[in-house]
Amino acid sequence: MTKPNSFLYCLPVDTENQSLLLLRSFFATIVNHALAAYLGVVVADFLTPETLKWVLIISFVAMAGWVLIPDKLDDDEAISNRGPFVASFIAFFYC
């Protein structure tokens, strides 16, 4: 079996710069969380606590309802008999 060369299957990782990749990922995560926290504070300043509570309740209920809707398969797609373990194994060790 050959390893897929498509970008859609795996992101190529340069083994010489793995520490640089780790630092970039760490920095991007810190910046992302800082911006999300700042945006949360800004939004919370404009909303009353009661309004903020109801906005959060409605958004969580909407998300829960959306998660309960199953995905629809296209006509040409087949369901694999492999489980999530195999998918994780391929994603982490094969790519």
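Just above, that's the structure.
Quick look at the structure, then. (Residues numbered from 1 in each chain as written. Predicted model: local features only at pLDDT ≥ 70, side-chain atom pairs only at ≥ 80, totals over all residues. Heavy atoms only, no water.)

## Digging into the overall build of the protein chain
Rules: For helices the rule is a DSSP run of H or I covering at least 4 residues; for strands it is a run of E covering at least 2, with both sets numbered from the N terminus onward. Exposure classes here rest on a 1.4 Å probe applied to the protein chains alone. A residue is buried below 20% of its type maximum, exposed above 50%, and partly exposed in between. Residue exposure ignores everything except the shown protein chains as possible cover, and the areas themselves are Shrake-Rupley values with a 1.4 Å probe.
Summing up its helical and strand segments, the protein chain has three helices and zero strands in all. Each helix and strand of the protein chain, ordered N terminal to C terminal, gives the series α-α-α. For the protein chain, with 95 residues in total, the buried portion stands at 1%. For the protein chain, the computed accessible surface area is about 9400 Å², with 69% contributed by carbon and sulfur atoms.

## Some points on a nonpolar patch on the surface
Heads up, the condition is: Patch construction takes residues with relative accessible area above 30% that form no salt bridge. Like charges are linked within 9 Å, and nonpolar side chains (Val, Leu, Ile, Met, Phe, Trp, Tyr) are linked within 5 Å. Each salt bridge in this description consists of a side-chain nitrogen of Lys or Arg and a carboxyl oxygen of Asp or Glu lying within 4 Å of one another.
On the surface, a nonpolar cluster with roughly 640 Å² of combined accessible area is contributed by Phe 85, Phe 89, Ile 90, Phe 92 and Phe 93. As for its placement among the helices and strands, Phe 85 is situated in helix H3 (residues 84-94).

## As for the pattern of salt bridges
Evaluation of the coordinates by the stated rule reveals one salt bridge. The partner of Lys 53 in a salt bridge is Glu 50, and the shortest N-O contact between them spans 3.6 Å. Remark: Glu 50 and Lys 53 occur in helix H2 (residues 49-68); sequence separation between them is three residues, near one turn of the helix. According to the relative accessible area criterion, Lys 53 is partly exposed, its value standing at 41%.

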